[in-house]
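This is what each chain is made of:
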Amino acid sequence: MFYLILGGIALVGLIMVLFQMRNHHKGMYILFFAEMWERFSYYGMRALLVLYLTKHFLFERDVAYGLYGAYTTLVYITPVIGGMLADKYLGARKAVVIGAILLVMGHAGMAIEGEPVLAGQAPDASVLNIFYLSLALIIAGVGFLKANISTIVGALYEKTDERRDSAFTLFYVGINLGAFGGSLIAGGIGETFGWRYGFGLAGLGMLIGLFVFVWGTPLLQGKGEPKNPALLKEKIFAGLSREWMIYICTALAVLVIWQMVRSQFIVGWTLLLAMITVYAFIVYKAVATLRPHERDRIFVALFLITVNVLFWGLFEQAGSSLTLYTDDSVDRVIFGQEIKTSVFQSLNAMYIVFLGPIFAAAWAWLAKRGKNPAAPMKFGMGVIQLGLGFLVLVWGAGSGQDMTPVIFIFLIYLLHTTGELFMSPVGLSAMTRLSPMKMVGLIMGAWFLASGAGNLVASFIAQATAATGPNGESLVLSVYQKVGWVAIGVGVVMMAIAPIITKFMHLDTLADETDEIDEAVAEPAE
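Calculation criteria
- Sequence order sets the numbering: in each chain, residues are counted from 1 along the sequence as written.
- Local features in this predicted model are restricted to residues of pLDDT 70 or higher, and side-chain atom pairs are both shown and tallied only at a pLDDT of 80 or more, whereas totals for entire chains, interfaces and linings draw on every residue.
- Hydrogens and water molecules were not included; the side-chain quantities draw on all heavy atoms of the structure.
- The secondary structure listing takes helices from DSSP runs of H or I that are at least 4 residues long and strands from runs of E that are at least 2 residues long, numbered from the N terminus.
- Each radius of gyration is computed over the set of C-alpha atoms, and the globule rule expresses the reference value as 2.2 Å times the number of residues to the power 0.38.
- A contact between two residues is defined here by any heavy atoms of the two lying within 4.5 Å.
- To estimate how far a helix should reach, multiply one less than its number of residues by 1.5 Å.
- The seven residues ending at a residue and the seven starting there each receive a fitted axis; the angle between those axes is the bend at that residue.
- We call a residue buried when its accessible area falls under 20% of the maximum for its residue type, exposed when it is over 50%, and partly exposed in between, using a 1.4 Å probe and counting protein chains only.
- Aromatic rings from Phe, Tyr and Trp, taking only the six-membered ring of Trp, are treated as a pair when their centres fall within 6.5 Å; an angle between ring planes under 30 degrees marks them as stacked, one over 60 as edge-to-face, and anything in between as tilted.
- To form a nonpolar core, buried Ala, Val, Leu, Ile, Met, Phe, Trp, Tyr and Cys residues must be joined to one another through side-chain atoms within 4.5 Å.
- What counts as a salt bridge is simple: a side-chain nitrogen of Lys or Arg found within 4 Å of a carboxyl oxygen of Asp or Glu.
- Axis definition: a line fitted to C-alpha atoms, limited for helices to the stretch in contact. Angles are taken between N-to-C directions and run from 0 to 180 degrees.
- Each angle is binned into one of four classes, with values under 35 degrees roughly parallel, values over 145 roughly antiparallel, values of 65 to 115 roughly perpendicular, and all other values oblique.
- Crossing handedness: left-handed means the near helix sits turned counterclockwise from the far one by under a right angle, and right-handed means the same turn made clockwise.
- Polarity classes work like this: nonpolar for Ala, Val, Leu, Ile, Met, Phe, Trp, Tyr, Cys and Pro, charged for Asp, Glu, Lys and Arg, and polar for all others, with Gly in that last group.
- Here a patch means residues that are over 30% exposed by relative accessible area and free of salt bridges, tied together within 9 Å if like-charged and within 5 Å if nonpolar (Val, Leu, Ile, Met, Phe, Trp, Tyr).
- Here, Shrake-Rupley sampling with a 1.4 Å probe gives the accessible areas, and only protein chains in the shown set may cover a residue.
- Confidence of the predictor in every single residue is expressed as pLDDT, which spans 0 to 100.
- We score Asp and Glu as negative and Lys and Arg as positive, and we do not count His or the chain ends.

Q: An account of the overall build of the protein is needed here, citing residue identities and associated values.
A: Each helix and strand in the protein was counted, giving 18 helices and six strands. Its C-alpha radius of gyration of 22 Å places the protein within 12% of the 24 Å reference for a compact globule of 526 residues. Seen through its principal axes, the protein has C-alpha atoms that stretch 75 × 60 × 45 Å. Sequence-distant contacts in the protein: of pairs separated by 6 or more residues, those separated by 24 or more amount to 83%.

Below, the structure is given as structure tokens:
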């Protein structure tokens with residue numbers, strides 16, 4: 001019954017999305033369904049990863065959290081490189097195809113699980129190496145795909161098109177429809193019938209996504225193609241073209257990531273250096289090459305990108321500490337049936353599938369009346385809801401019962417989801433809106449890089465929850481209470497300064513600058 005209810009809610013959300021998409025670009029259908037299947041694969045694997053590490057390989061919790069954090073951090077670092085390669089050489093469409101192929105290979109490798117590790121035994125080294133290599137392929141694949149498919153969505157709409165926020169919210173529903181199916185189906189099957197079946201099903205989802213994208217490419221009407229195809233064909237080393245050199249360097253990068261993903265320390269320093277480098281490069285480009293209003297918008301984008309670190313640092317407890325808290329301390333019996341732990345990760349996606357179309361319609365309705373809050377205000381409101389989610393769970397856990405009532409897991413996911421809808425799709429839209437065309441891939445990469453930093457912060461918070469107090473008591477709820485209040489405080493400050501930040505977005509001149517670009521493109525070459 002529980003699974004039927006979840007499925008029914010998701011179906012209602014899908015129907016609402018398809019109804020609203022009739023007023024959008026036809027290419028949105030292809031991007032929607034391609035990303036839906038890609039997220040099915042990613043979140044199907046994500047729902048199982050920490051459980052797999054602690055139950056199959058018998059990793060200690062702090063080690064599992066560290067590996068999970070290293071993996072999710074690298075997943076968000078690589079889009080910076082993928083975005084830059086797409087901007088300058090490959091084009092977003094070809095980058096998406098390369099990423100999808102790597103993801104299919106990675107998920108196939110995850111299905112090789114070996115025998116379960118028994119207490120006192122060490123995991124099989126060959127199986128672990130295959131596992132790490134599979135993670136490396138997935139990390140590289142996400143690097144090529146994640147930022148660039150969002151870039152194509154932005155390319156379908158003019159910067160002044162009032163449908164932009166609505167389009168990105170609908171696209172975000174597609175992301176979460178896949179995440180819902182991945183967590184519910186692949187996660188549930190993996191826990192029930194065997195890890196290999198869950199991981200294998202995730203790989204099948206990615207293969208379907210690749211097929212949908214390639215089949216539907218004509219509907220994109222040339223969006224995302226290389227700016228200068230001749231550069232790709234140019235011979236640059238040992239008779240090899242630039243395109244082939246990119247493929248060879250990608251293979252070498254996979255081998256490097258294969259080693260890096262094992263060390264949270266190395267990943268952390270790599271992230272720090274990457275963020276300093278990318279921020280410095282963006283500031284240099286903004287100061288040296290952009291007009292004043294464009295430069296101000298880039299600085300606003302960097303501010304929003306920085307807030308993104310805090311949001312995902314707290315939100316991503318869902319895949320680590322909150323998953324094991326749900327497994328250990330929550331009464332998971334619903335309608336007389338004990339629900340598998342991984343299935344609860346589908347709640348966030350289910351809420352988005354259902355609420356996303358409502359938010360999209362609300363943003364469009366407010367925009368037509370000139371009352372749509374700007375991105376900085378929405379960000380502040382989103383961070384406050386994130387903090388409230390943690391405080392609600394802490395309050396519910398103190399209700400005097402031995403196990404936390406499952407309703408409070410539903411509530412924390414609900415508040416985190418509404419906060420996410422104020423942040424993530426709006427942020428995707430803002431990044432493409434605030435960036436000049438020549439920097440949009442770089443800015444999208446920086447957006448996901450900040451998400452990676454958030455995931456690293458999340459791993460440190462999760463490791464703090466794995467510690468115990470002086471009397472051996474768990475510190476999970478104590479940590480959640482502290483981070484909840486911090487989030488609320490940051491959100492209130494953001495809402496207070498939002499009007500100032502919004503002024504630097506120069507929304508009133510976006511139309512004029514877009515027109516100038518269009519005229520320059522239309523002007524014949526002399």
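From this point, things continue past the structure.
Q: So what's going on with helix α5 (residues 125-155)? Residues and values would help.
A: Each turn of an α-helix holds 3.6 residues, which means side chains three or four residues apart point in the same direction. A rise of 1.5 Å per residue sets the reference length of α5, with its 31 residues, at 45 Å; its end C-alpha atoms lie 45 Å apart and thus fit the reference within 8%. At V142, α5 shows its largest bend, some 30°. Of all the 31 residues making up α5, 25 are buried; the element is thus mostly covered by neighbouring parts of the structure.

Q: Break down the environment of A453 for me, with residues and values.
A: Its place among the elements puts A453 in helix α16 (residues 440-465). In this structure the C-alpha to C-alpha distance between A453 and L74, which are 379 residues apart in sequence, comes to 9.1 Å. For A453, the contacting residues outside a window of four places in its chain are L271, M275 and V309.

Q: Please provide a residue-by-residue account of the environment of G190, values included.
A: Position of G190 among the secondary structure elements: in helix α6 (residues 164-193). The class for G190 is buried, based on a relative accessible area of 2%. Distance in space between the C-alpha atoms of G190 and M423 is 31 Å, their sequence separation being 233 residues. Among all residues touching G190, those that are not within four sequence positions of it are L48, W195 and G198.

Q: I'd like a description of the packing of aromatic side chains, backed by residues and values.
A: In total, this model carries 23 aromatic pairs according to the counting rule given. Aromatic side chains F311 and W312 sit 5.1 Å apart centroid to centroid with 85° between the ring planes, which places their arrangement in the edge-to-face category. Comparing F311 with W312 shows no difference in burial state: the two are buried. On the basis of an interplanar angle of 80° and a centroid distance of 5.5 Å, the ring pair of W363 and F422 is categorised as edge-to-face.

Q: Can you break down the nonpolar core residue by residue, with the values?
A: Grouped together as the largest cluster of nonpolar side chains are 171 residues, with contacts concentrated most on Y71 and F131. With 17 residues, the single largest contributor to this core is α5. Non-local contacts of Y71, meaning those with residues more than four positions away in its chain, are made with Y42, M45, L49, L135, I138, I139 and V261.

Q: Provide a residue-level description of the pattern of salt bridges, including the pertinent values.
A: For the coordinates displayed, the defined rule picks out eleven salt bridges. The salt bridge partner of K55 is D327, with a shortest N-O separation of 3.6 Å. Residue K55 is found in helix α2 (residues 27-55), and its partner D327 is found in helix α12 (residues 321-329); the two are separated by 272 residues along the sequence. Among the salt bridges present, the one from R332 reaches D327, with a minimum N-O distance of 3.8 Å. Grouping residues by exposure puts R332 and D327 together as buried. Here the salt bridges share partners, and the residues they tie into one network are K55, D327, R332 and E338.

Q: Lay out unusual backbone geometry in plain terms, naming residues and giving numbers.
A: Within the chain, L58 stands out as a residue other than glycine whose phi angle is a positive 60°. Structurally, the position occupied by L58 is in the loop between α2 and α3 (61-90). Exposure remark for L58: the relative accessible area of 38% places this residue in the partly exposed category.

Q: Residue-level account of the packing of helix α11 (residues 292-315) against helix α17 (residues 476-503), with values.
A: The geometry of α11 relative to α17 is characterised by a closest axis approach of 11 Å and an angle of 165° between their N-to-C directions. Classified by the angle their axes make, α11 and α17 are roughly antiparallel. Remark: the crossing between α11 and α17 carries left-handed chirality. Of the residues in α17, those touching α11 at V300, F303, V307, L310 and L314 are V483, A487, V490, M494, I497 and I501. Partitioned by chemical class, the residues of the contact of α11 with α17 number eleven nonpolar, no polar and no charged.

Q: Lay out a nonpolar patch on the surface with the relevant residues and their values.
A: On the surface, F265, I266, W269, L272 and I276 cluster together to form a nonpolar patch covering roughly 540 Å² of accessible area. Along the chain, I266 turns up in helix α10 (residues 264-289). Overall, I266 belongs to the partly exposed group, its relative accessible area being 40%.

Q: Account for helix α7 (residues 195-215), with residues named and values stated.
A: Compared with the 30 Å implied by 1.5 Å per residue over 21 residues, the 31 Å span of α7 between its first and last C-alpha is a close match. Among the residues making up α7, those that are buried are W195, G198, F199, A202, G203, G205, M206, G209, L210, V212 and F213.

Q: Residue-level account of the side chain of S241, with values.
A: Positionally, S241 belongs in strand β2 (residues 240-241). If sequence neighbours within four positions are ignored, S241 has contacts with L232, K233, E234, K235 and I236.

Q: Pulling in residues and values, what's your account of the packing of α2 against α7?
A: Put simply, α2 and α7 touch, their axes get as near as 8 Å, and they point 165° apart. It follows that α2 is roughly antiparallel to α7 by the angle criterion. Handedness of the crossing formed by α2 with α7: left-handed. Here the residues of the contact of α2 with α7 are counted per class, giving 19 nonpolar, four polar and two charged.

Q: Explain the confidence of the model for the protein to me, and be specific about the residues and the numbers.
A: Mean pLDDT for the protein: 84, with 96% of residues reaching 70 or above. Looking over the protein, one finds the lowest element-wise mean pLDDT in helix α18 (residues 510-522), namely 45, and the highest in helix α14 (residues 375-397), namely 93.

Q: Can you break down the side chain of E191 residue by residue, with the values?
A: Along the polypeptide, E191 turns up in helix α6. Salt bridges are absent for the buried E191, whose nearest opposite-charge side chain, K55, sits at 4.4 Å. The residues contacting E191, other than those within four sequence positions of it, are L48, L51, K55, K340, T341 and S342.

Q: Quick one: what's the story with the environment of A301, residue by residue and with numbers?
A: Turning to its location among the elements, A301 is positioned in helix α11. A relative accessible area of 0% places A301 in the buried class. Residues in contact with A301, not counting those within four places in the same chain, are M431, L434 and I443.

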